[in-house]
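Tertiary structure, described
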Amino acid sequence: MTLSDLETRRIAIWGLGKEGWASYDFLRRHFPRKEITLINQTLPDTLPDDPHTLFLLEQDMPAALNDLDLVIKAPGISLYRPLVQTLQQQKISITSATNIWFSLPRPEGSTTIAITGSNGKSTTSALLAHILRHMGHKTALGGNIGTPLLSLTDDADYYVIELSSYQTADLYHAPDIAVLLNLYPEHIQWHLSHAQYYADKCHLISTGVDTVILNQNNTLTRQNIKAVPPGTLWFNSPDALHARGHDIYNGSDKIGDARRLRLPGEHNRQNLCAALTICAALGLELEACFEQAVTFGGLPHRLQHLGEREGISYVNDSISTTPEATLAALNSFPGRQITLIAGGQDRQQDFTAFSEFMARHKEISLIAAYETGDRMRQHLPGKQAALVEDLAAAVALAREITPPGGVILLSPAAPSYDAFRNFEHRGDEFQALCQIP
């Protein structure tokens, strides 16, 4: 979708979140007098004071289809909604800000690295950007991690792009390097089935990308990649980058001591192996990259240590929206008494492995809430699991039952949208309730 294509189309932007407004700003920079239609479920607090901008409520969209050629759809709007199918039947093109960005020219010699996965994609993307910047390369970081692609600088050496399944589902451009970290059941409301979710994630690998990087240790990845491209690089494999004991190895060569990392947990050692595999594909010296990795302090809401109060550690892991991510968080505090606060939107998550893990670890207490709360605690004995109404009640109870030296961990194993705007909002509320001095 080139600029000349956009110039001649009658365009609507559907969905006015951060990416929708970035799309609008992009179009206005290039086409100051072009008529643009903005579509949203509700009326925004403010609208542009611009005679060339129209606004439609989403419910009124079907009546305006004859006036549209192209719709730029926000990621949160499912590709499988009936209204999307109506647009397709009316021969109205549907694209995304992601596809528009990928179609734009970038500096000669620059490299675009797209990272997706059910768990760890934000940490891996931010870690990689940290390494590249500290190795002296001008690096832009954007996509699902927070900065819309159409807002990125246009003069970087490396573009590190985090992509959600919503963004990979209809991607028709290839990055230079595509990374699939792992697959676990997620986002069934958007994709309608777990099988479709896996297919939409794996679509990134089938775009004609030059270099593919996959996780040898993830069963669902191996099962769902129908045809592994020639030359694929694997991590978490004994003959490639992998964690062994306390160390990171590349085959038989030791790269560094993982205990120096500021990121706790085995899952973060795997994220590091993914990032270092990308560095190897870029031709960078791995030991030097490792030295930069150990200075990375992590991201908010991802095993974020908030501090201590009365001898109890408080950890915000609101980003963990799957049972697998929460299990990885629990394994990051070996030997500690943990009070886990969990529960959120029900997306038909499978809590079997979670229940089995909890049954083996009596030192972990569960305080569950929200839509998945009852399912999470139903197979656990009453003394180990409690059901409360909301996050405030969970924090209050956690303070009562957690001994000094223990950990109060928010790691919900479910999305936030049944009670919060997003996982950041949930994590911020948790931090406020913790009242760490």
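Residues numbered from 1 in each chain as written. Predicted model: local features only at pLDDT ≥ 70, side-chain atom pairs only at ≥ 80, totals over all residues. Heavy atoms only, no water.

Here we come to the packing of helix α10 (residues 266–281) against helix α11 (residues 286–293). Relative orientation of the contacting elements α10 and α11 amounts to 140 degrees, with a least axis distance of 10 Å. In terms of axis orientation, α10 runs oblique to α11. α10 and α11 meet at a crossing whose hand is right-handed. Contact residues: L272, L276, C279 and A280 in α10; L286, C289, F290 and A293 in α11. Here the residues of the contact of α10 with α11 are counted per class, giving 8 nonpolar, no polar and no charged. (Axes fitted to C-alpha atoms, helices over the stretch in contact; angles between N-to-C directions. Helix = DSSP H or I, 4+ residues; strand = E, 2+ residues; numbered from the N terminus. Parallel < 35°, antiparallel > 145°, perpendicular 65-115°, else oblique. Left-handed = near helix turned anticlockwise from the far one by under 90°. Contact = heavy atoms within 4.5 Å. Nonpolar A, V, L, I, M, F, W, Y, C, P; charged D, E, K, R; others polar.)

Before going further, it helps to spend a moment on the layout of surface pockets. A volume near 260 Å³ is recorded for the second largest pocket. Along its surface, the second largest pocket is lined by 14 residues, and F26, L104, P105, L152 and D154 are the ones closest to its centre. For the lining of the second largest pocket, the element with the highest residue contribution is helix α2 (residues 18–30), accounting for 3 residues. Across the lining of the second largest pocket, the residue classes break down as 9 nonpolar, 2 polar and 3 charged. (1 Å grid on protein atoms, 1.4 Å probe; cavity = no way out; pocket = protein on both sides within 12 Å on 5 of 7 lines; lining within 4 Å. Points joined across faces, edges and corners; volume = space filled by probe spheres on them.)

Ranked by size, the top nonpolar core spans 40 residues in total, and within it L6, I13, L27 and W101 carry the most contacts. With 4 residues, helix α4 (residues 97–103) is the single largest residue contributor to this core. The residues contacting W101, other than those within four sequence positions of it, are R106, T112, L149, L150, L152, Y159 and I161. Residues I248, C273, A274 and V294 belong to the second largest nonpolar core, which totals 37 residues. (Core = buried A, V, L, I, M, F, W, Y, C linked by side-chain atoms within 4.5 Å. Buried < 20%, exposed > 50% of the residue type's maximum accessible area, 1.4 Å probe, protein only.)

Any functional reading would require information that these geometric values do not contain.
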